[in-house]
Amino acid sequence: MTTMKVTLLQTDIRWADARQNISEAMHLMDSQPESDLYVLPEMWSTGFATQPEGIAHDEADNIALQWMQQTADERHCAICGSVALRLLDGTFRNRLYFADGRSHQLYHYDKHHLFTYGQEDRYYTPGNSHTIVSYEGFRILLLTCYDLRFPCWSRYATDLEYDVMVLVANWPQARQAAWQLLTRARAIENQCYVVAVNRVGDDRFGHYEGKSAVIDPLGSTLGQCRSHEQQALSVELDYAELERRRQKFRVLEDRDR
C-alpha cells in the first residue's frame, strides 16, 4: 500500500525578508518531522510581489531556492513552494519549485494564469505548460493560486493524468468562500486529492485567513489549518484508497475528450 505524508506549512510571510521567512518555515517543519512532502504558500519567501524589481532574485543566487534544495536533501524529503524569480533574459516568473531530496531532482512550474486584477501580468511572463511530478508512487500536478479558477487548465485528461493536485496560494480573506468552494470542486471533478496551501497575515493587497486544506476525491476535508494562524498540519494520502474510489465510481471514464 502506497501512502504519502504531506505537511502544509501555512505561514505569515514577512514582506521581502527571505531569511526571516526561511527561519519561520524551518520552525514549522521542525514541529512536524519526518514528512514526505512539505508545501509552502505562493511566493513564500517574499510575499506576493507583483512589482518584483529589487525583490525577485536570479535563479543562480536565490537563497530561498537554495534552502529548499539543501533542506530537502538533508531531510530526505520533498519541499514545494513558489518564488518570485528573474531569469537571465531579464523576464520575471512566478515559479513553483518541487525539490525532491530523495532523487535529487528539481522540478518547476511557471504560473499560467497571472492575476491581472492585481497587475501581476504587467511584470511577469506566464508559463504555457503543465508540470506533473512522480513522487512516492503519486503523480502530482503543480498549480499556483489564480489557476484554481480555471478548471479547463487542470482537467484530468488523457495527456494530463495525475493523482494529487498541489496548489500554492496567496488567497485573500475577501475571496475565502471561493477558495473553499473551488478547492473542493477541483478535487471532485478530477477525482484527486487536492493539497491547497494558503498564507496568513497581511500585505498591501489585504488580509489572508489561511484555511489551507487537504481535500479527498469526494470533496471531504481530510485536514484544515486554523484560521489566521501560522501552522504546520500533516495529512496522510492513501493511493490505494484513491484507486478504489476511482474504480468504484468511474466518473473519469465519462469525461469529455
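Residues numbered from 1 in each chain as written. Predicted model: local features only at pLDDT ≥ 70, side-chain atom pairs only at ≥ 80, totals over all residues. Heavy atoms only, no water.

Trainee: Provide a residue-level description of helix α4 (residues 176–190), including the pertinent values.
Mentor: Every α-helix carries 3.6 residues per turn, so stepping three or four residues along brings you back to the same face. Its 15 residues place the ends of α4 22 Å apart at the C-alpha level, agreeing with the 21 Å of an ideal helix rising 1.5 Å per residue. Every buried residue belonging to α4 is among Q176, A178, W179, L182, T183, R184, R186, A187 and N190, and all of these are buried. (Helix = DSSP H or I, 4+ residues; strand = E, 2+ residues; numbered from the N terminus. Expected span 1.5 Å × (residues − 1). Buried < 20%, exposed > 50% of the residue type's maximum accessible area, 1.4 Å probe, protein only.)

Trainee: Just give me the short version of the nonpolar core, but keep the residues and values in it.
Mentor: Residues I140, V195 and L237 are the most contacted members of the largest nonpolar core, which totals 49 residues. Not counting chain neighbours up to four residues away, the residues in contact with I140 comprise M4, L37, F98, T131, I132, V133, Y135, V164 and V166. Membership of the second largest hydrophobic core comes to 21 residues, among which are Y38, W44, V83 and A232. (Core = buried A, V, L, I, M, F, W, Y, C linked by side-chain atoms within 4.5 Å. Contact = heavy atoms within 4.5 Å.)

Trainee: Kindly report on the pairing of strand β14 (residues 221–224), identifying the contributing residues and their values.
Mentor: Successive side chains on a regular strand alternate, one facing one side of the sheet and the next facing the other. Here strand β13 (residues 213–215) runs beside β14; their pairing, made up of three bridges, is antiparallel. Paired with A213 across the bridge in β14 is Q224. Between the antiparallel neighbours β13 and β14 lie five residues, among them G219 with a positive phi of about 90°. (Pairing = 2+ DSSP bridges.)

Trainee: Residue-level account of the pattern of salt bridges, with values.
Mentor: For the structure on display, the rule yields 23 salt bridges. For D12, the salt bridge is made with R199, and the minimal N-O distance between the two is 3.4 Å. Here D12, found in the loop between β1 (3–10) and α1 (18–31), pairs with R199, found in the loop between β10 (193–197) and β11 (200–203); they are 187 residues apart in sequence, far enough to count as distant. Residue classification places D12 among the partly exposed positions, given a relative accessible area of 32%. The partner of R226 in a salt bridge is E229, with the nearest N and O atoms 2.8 Å apart. Exposure remark for R226: the relative accessible area of 43% places this residue in the partly exposed category. Here the salt bridges do not stand alone but share partners, grouping R139, E161, D163, E243 and R246 into one network. (Salt bridge = Lys/Arg side-chain N within 4 Å of Asp/Glu carboxyl O.)

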